[in-house]
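Summary of structural features
In case you want the letters, here they are:
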Amino acid sequence: MTTTDETRPARPAGRPRSARAEKAIIEATLDLISESVSLSELSIEAVAARAGVGKTTIYRRWSSKEDLVVDALATLKAPIPPLEGRTVREDLAVYLEVIGREACDVRSRCVMNIAMNEAGRHPQLVERIRQAVIKPRREALGALLRRGIETGELRPDLDLPVAMATVVGSMMWYVKSAGFGGVEEHPEDLVERMVDHLMAGLAPR
């Protein structure tokens, strides 16, 4: 059968992007940031060299360094598991498990380091990172605490911003001050103990 223009399969438009190259670019960006390369020092040239690709390969996918950084950091934060709503205590334990794993990961800590240390030099970029990476977690925790107030599991006079900072800050400080290199080094009952102390302050008196 002779193939005609009408029967010949259409060629896909544009050049297909390599998933392998994209992964290498993301990994290279995260490696450089985790090696204490500041956002000002981070360059497309350095990322391309580390990833083993050309700069044009990067610019074909990301129009700027800022776009690349936001997408790279977003890959570090897996979605929070569904908070089933049986009890605030159970959901708080789930949330703290996630925060604890992330706090032990060098790359994941880069998100908070950038949010806290780079805002003055790169306010627009940091705001994009907060919106893409940090905001969803804040919203999930805020919804959890508000639900606890409504069900009577938490104090009706709870100061939400302070409570949210206490929940996240407790795990972050514990991991950092204890010098744990990975979540497997945590005491097995760490989350339960932490929830006990948090609920002592958050629950109705």
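Residues numbered from 1 in each chain as written. Predicted model: local features only at pLDDT ≥ 70, side-chain atom pairs only at ≥ 80, totals over all residues. Heavy atoms only, no water.

Our next topic: the overall build of the chain. A tally of helices and strands in the chain yields nine helices and zero strands. Taken from N to C terminus, the helices and strands of the chain fall in the order α-α-α-α-α-α-α-α-α. Looking at the chain as a whole, 39% of its 205 residues qualify as buried. Pairs at least 24 apart in sequence give 66% of the contacts found in the chain among residues at least 6 apart. (Helix = DSSP H or I, 4+ residues; strand = E, 2+ residues; numbered from the N terminus. Buried < 20%, exposed > 50% of the residue type's maximum accessible area, 1.4 Å probe, protein only. Contact = heavy atoms within 4.5 Å.)

Below, the discussion takes up helix α2 (residues 44–51). In an α-helix, one turn spans 3.6 residues; hence positions three or four apart end up facing the same way. Listed in full, the buried residues belonging to α2 are Ile 44, Val 47, Ala 48 and Ala 51. Along the long axis of α2, the arc covered by the buried residues comes to 100°, so they all point the same way. Against α1 (19–34), α3 (55–61) and α4 (65–74) lie the buried residues of α2. Backbone geometry just after α2 places Gly 52 at a positive phi near 75°. (Arc of directions from axis to C-beta.)

What follows deals with the side chain of His 122. Looking at the element boundaries, His 122 is found in the loop between α6 (106–117) and α7 (123–151). With sequence-adjacent residues up to four places away left out, His 122 is seen in contact with Leu 39 and Ser 40.

You can see Leu 190 is positioned in helix α9 (residues 190–202). Among the residues examined, Leu 190 registers a relative accessible area of 3% and is labelled buried. The spacing of Leu 190 and Glu 97 is 93 residues in sequence and 9.3 Å in space, taken between C-alpha atoms. In contact with Leu 190, other than residues within four places in its own chain, are Met 171 and Tyr 174.

Moving on, we get to the pattern of salt bridges. Enumeration over the complete set of coordinates arrives at 14 salt bridges. Residue Glu 35 pairs with Arg 50 through a salt bridge whose shortest N-O separation is 3.1 Å. Placement of the pair is Glu 35 in the loop between α1 and α2 and Arg 50 in helix α2, with a sequence separation of 15 residues. Overall, the relative accessible area of 40% leaves Arg 50 in the partly exposed class. Among the salt bridges present, the one from Arg 137 reaches Glu 102, with a minimum N-O distance of 2.5 Å. Pair noted here: Arg 137 is in helix α7 and Glu 102 is in helix α5 (residues 88–104), with a separation of 35 residues, a long-range link. Since its relative accessible area comes to 8%, Arg 137 is described here as buried. On the basis of relative accessible area, Glu 102 is assigned to the buried category, the value being 11%. (Salt bridge = Lys/Arg side-chain N within 4 Å of Asp/Glu carboxyl O.)

For α9, with 13 residues, the first-to-last C-alpha span of 18 Å sits near the 18 Å given by 1.5 Å per residue. Buried residues along α9 sit in contact with α5 and α8 (160–178). (Expected span 1.5 Å × (residues − 1).)

Let us look at the nonpolar core. Judged by nonpolar contacts, the single largest core of 31 residues is most densely connected at Ile 25, Val 47, Ile 58, Leu 68, Leu 73 and Ile 129. For this core, the secondary structure elements donating two or more residues are α1, α2, α4, α6 and α7. Broken down by element, the residue count for this core peaks at seven residues, all from α1. Leave out the neighbours within four places in its chain, and Leu 73 touches Leu 30, Ile 33, Val 111, Ile 114, Ile 129 and Val 133. Judged by nonpolar contacts, the second largest core, of 29 residues, contains Ile 99, Val 175, Val 191 and Val 195. (Core = buried A, V, L, I, M, F, W, Y, C linked by side-chain atoms within 4.5 Å.)

Turning our eyes to something else, we now look at the confidence of the model for the chain. Reading predicted coordinates in detail is not appropriate for stretches of low pLDDT. Averaged over the chain, the pLDDT score is 84; the fraction of residues at 70 or greater is 87%. By mean pLDDT, α6 is the weakest element of the chain at 78, and α2 is the strongest at 95. Here residues 1–16 is a poorly scored stretch, pLDDT under 50, and it has four contacts once near neighbours within four places are set aside; other chains count. (pLDDT = per-residue confidence, 0-100.)

Okay, the packing of α5 against α7 next. Packing of α5 against α7 brings their axes to within 10 Å, and their N-to-C directions diverge by 160°. Compared by their axis directions, α5 and α7 come out roughly antiparallel. Considering how the two elements wind past one another, α5 and α7 form a crossing that is left-handed. Mapping the contact onto sequence places Val 88, Asp 91, Leu 92, Tyr 95, Val 98 and Glu 102 in α5 and Arg 137, Arg 138, Ala 140, Leu 141, Leu 144, Arg 147 and Gly 148 in α7. Of the residues contributing to the contact of α5 with α7, the split by class is seven nonpolar, one polar and five charged. (Axes fitted to C-alpha atoms, helices over the stretch in contact; angles between N-to-C directions. Parallel < 35°, antiparallel > 145°, perpendicular 65-115°, else oblique. Left-handed = near helix turned anticlockwise from the far one by under 90°. Nonpolar A, V, L, I, M, F, W, Y, C, P; charged D, E, K, R; others polar.)

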